[in-house]
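If you want the building blocks of each chain, they are given just below.
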Amino acid sequence: MSINWFPGHMAKARRQIEESLKKVDVVIEILDARIPYASKNPMLDHVIGDKPRVVVLNKKDMANSKETDRWIARLKADGVYPVALNGKEPNVLKKIENTVVEATKEIFERMERKGINPRAIRAMIVGIPNVGKSTIINNIAKRKVAKTGNTPGVTKAQQWIKAGTKMELLDTPGVLWPKFEDESIGQKLSLTGAIKDNVVNLDDIAIYALRFMQKHYLDGLNKFYNINIDEDTEIVEIFDAIGQSRGFKMSGNEIDYERVTEKVIYDTRDAKIGKFTFDFAGAEE
Ligand code: GDP
């Protein structure tokens, strides 16, 4: 699903996005609402400069709604135009349109004052793999336009799609590389499915997820796996408890830790245990 990024890919992606940027009035940056910090491409700010930016916190159905509200407030304070979405819902076009209109209001008012004829607002979607770019474009276009797959930058010839009455959207999203400088960011990206499982150590991801839930969501964790741990339980004992409860055993009655690891990762990734936001908008960590 994801791709391996090499310096050549990154340079190409940056160049292609810079080219596309010249054609648009506003950039729609898609982030995963569960990890608004970790799912942000580190270079994008430099390239966008002071062009208006809409920031979509996508997959809000899988994130902690209180934390999403805090992120919205923080992003507003940072001077961008945020909106939280479930990219699969029918109201996506309206929500994005409203936010895009707000973000470009000044530019279009200035054009009007200069006597330039009103035209559609031109926008493009960018983001790292798997945040929901294709889902959102297809939803807005009401047909399948963007290939759900990942290639660096913008590869095929781009076309404008009519998006509602006020907006035109480039039909191919800008695919950007994820952050990889920090281990905990890698774990968050993997836990939410943004990077391949085989580039990170699965045990570390499961441990990260369990520690997070032990600290922030103990009751939910106990209830979901029908276990009884507390805030001081050692990590290996949590693995044991889940293995026991689920009957993940090998011959000789030993706990099958590999199965526990996979189960914890998939249950967390699919938001089965609860709706978590792993990046905090405030100082909490
Ligand atoms: P892209 O790589 O950024 O184009 O991401 P995709 O559009 O291919 O989406 C990646 C996965 O996330 C797919 O399985 C989508 O069905 C899923 N997805 C996208 N948006 C949402 C959302 O808002 N909520 C949920 N639950 N899943 C979503």
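Residues numbered from 1 in each chain as written. Predicted model: local features only at pLDDT ≥ 70, side-chain atom pairs only at ≥ 80, totals over all residues. Heavy atoms only, no water.

**Notes on the UniProt feature "binding site: GTP" (unreviewed entry) in the protein**
Okay, step 1: Within this structure's numbering, the places UniProt gives as "binding site: GTP" (unreviewed entry) are Asn58, Lys59, Lys60, Asp61, Asn130, Val131, Gly132, Lys133, Ser134, Thr135 and Gly174. Considering the C-alpha atoms alone, the annotated residues occupy 117 residues of sequence and remain spread out, their largest mutual distance being 23.8 Å. None of the other annotated residues line the largest cavity; only Asn130 and Val131 do.
Okay, step 2: By secondary structure assignment, the location of Lys60 is in the loop between β2 (53-58) and α3 (65-77).
Okay, step 3: On the accessibility criterion, Lys60 (33% relative accessible area) is partly exposed.
Okay, step 4: Those residues in contact with Lys60 that lie beyond four places of it in its chain are Ala33, Ala84, Leu85, Asn86 and Lys95.
Okay, step 5: Structurally, Gly174 can be placed in strand β7 (residues 174-175). (UniProt positions renumbered as here; feature names shortened; annotations may be inferred. 1 Å grid on protein atoms, 1.4 Å probe; cavity = no way out; pocket = protein on both sides within 12 Å on 5 of 7 lines; lining within 4 Å. Helix = DSSP H or I, 4+ residues; strand = E, 2+ residues; numbered from the N terminus. Buried < 20%, exposed > 50% of the residue type's maximum accessible area, 1.4 Å probe, protein only. Contact = heavy atoms within 4.5 Å.)

**Let's talk about the nonpolar core**
Okay, step 1: Within the largest apolar cluster, 60 residues are counted, with the highest numbers of intra-cluster contacts made by Ile28 and Ile96.
Okay, step 2: If you count residues domain by domain, this core takes at least three from each of domain 1 (7-175) and domain 2 (201-269).
Okay, step 3: When neighbours within four sequence positions are excluded, Ile96 is seen to be in contact with Ile28, Val56, Leu85, Ile136, Ile140 and Met167.
Okay, step 4: Residues Trp5, Ala13, Ile17 and Leu170 belong to the second largest nonpolar core, which totals 16 residues. (Core = buried A, V, L, I, M, F, W, Y, C linked by side-chain atoms within 4.5 Å. Domains from an automatic or database assignment.)

**Quick notes on the pattern of salt bridges**
Okay, step 1: The final tally for this structure, using the stated rule, is 15 salt bridges.
Okay, step 2: Salt-bridge contacts for Arg53 lead to Glu29; the nearest nitrogen and oxygen are separated by 3.1 Å. Of this pair, Arg53 sits in strand β2 while Glu29 sits in strand β1 (residues 26-32); the two residues are 24 residues apart in sequence, bridging distant segments of the chain.
Okay, step 3: The exposure class assigned to Arg53 is buried, which follows from its relative accessible area of 10%.
Okay, step 4: Given a relative accessible area of 2%, Glu29 falls into the buried group.
Okay, step 5: The partner of Arg70 in a salt bridge is Glu67, and the shortest N-O contact between them spans 2.5 Å. Placement of both Arg70 and Glu67 in helix α3 is noted, with a separation of three residues, approximately one turn of the helix. (Salt bridge = Lys/Arg side-chain N within 4 Å of Asp/Glu carboxyl O.)

**Digging into empty space enclosed by the protein**
Okay, step 1: On inspection of all chains with the given rule, the structure shows one cavity of 30 Å³ or more.
Okay, step 2: Taken as a whole, the largest cavity holds about 30 Å³ of empty space.
Okay, step 3: Classifying every residue of the lining of the largest cavity gives five nonpolar, three polar and one charged. (Points joined across faces, edges and corners; volume = space filled by probe spheres on them. Nonpolar A, V, L, I, M, F, W, Y, C, P; charged D, E, K, R; others polar.)

**Side note on the packing of aromatic side chains**
Okay, step 1: If you walk through the whole model with that rule in mind, you get ten aromatic pairs.
Okay, step 2: An aromatic cluster is defined as three or more aromatic residues linked by ring pairs; in this entry it consists of Tyr208, Phe212, Tyr217, Phe276, Phe278 and Phe280.
Okay, step 3: The ring of Trp160 carries Arg122 above its face, with NZ or CZ at 6.0 Å from the centroid.
Okay, step 4: In this structure, Lys179 is placed above the aromatic ring of Tyr37, and the distance from its NZ or CZ to the ring centre is 3.5 Å. (Phe/Tyr/Trp six-rings, centres within 6.5 Å; stacked < 30°, edge-to-face > 60°. Lys NZ or Arg CZ within 6 Å of the ring centre and 35° of its normal.)

**Examining helix α6 (residues 183-191)**
Okay, step 1: Among the nine residues that make up α6, seven are buried, leaving the element largely enclosed by the rest of the structure.
Okay, step 2: Restricting attention to buried positions, one finds in α6 the residues Ile185, Gly186, Gln187, Lys188, Leu189, Ser190 and Leu191.
Okay, step 3: Against the buried residues of α6 lie α7 (202-216) and α10 (257-269).
Okay, step 4: One or two steps after α6, the chain reaches Gly193, where phi turns positive at roughly 85 degrees.

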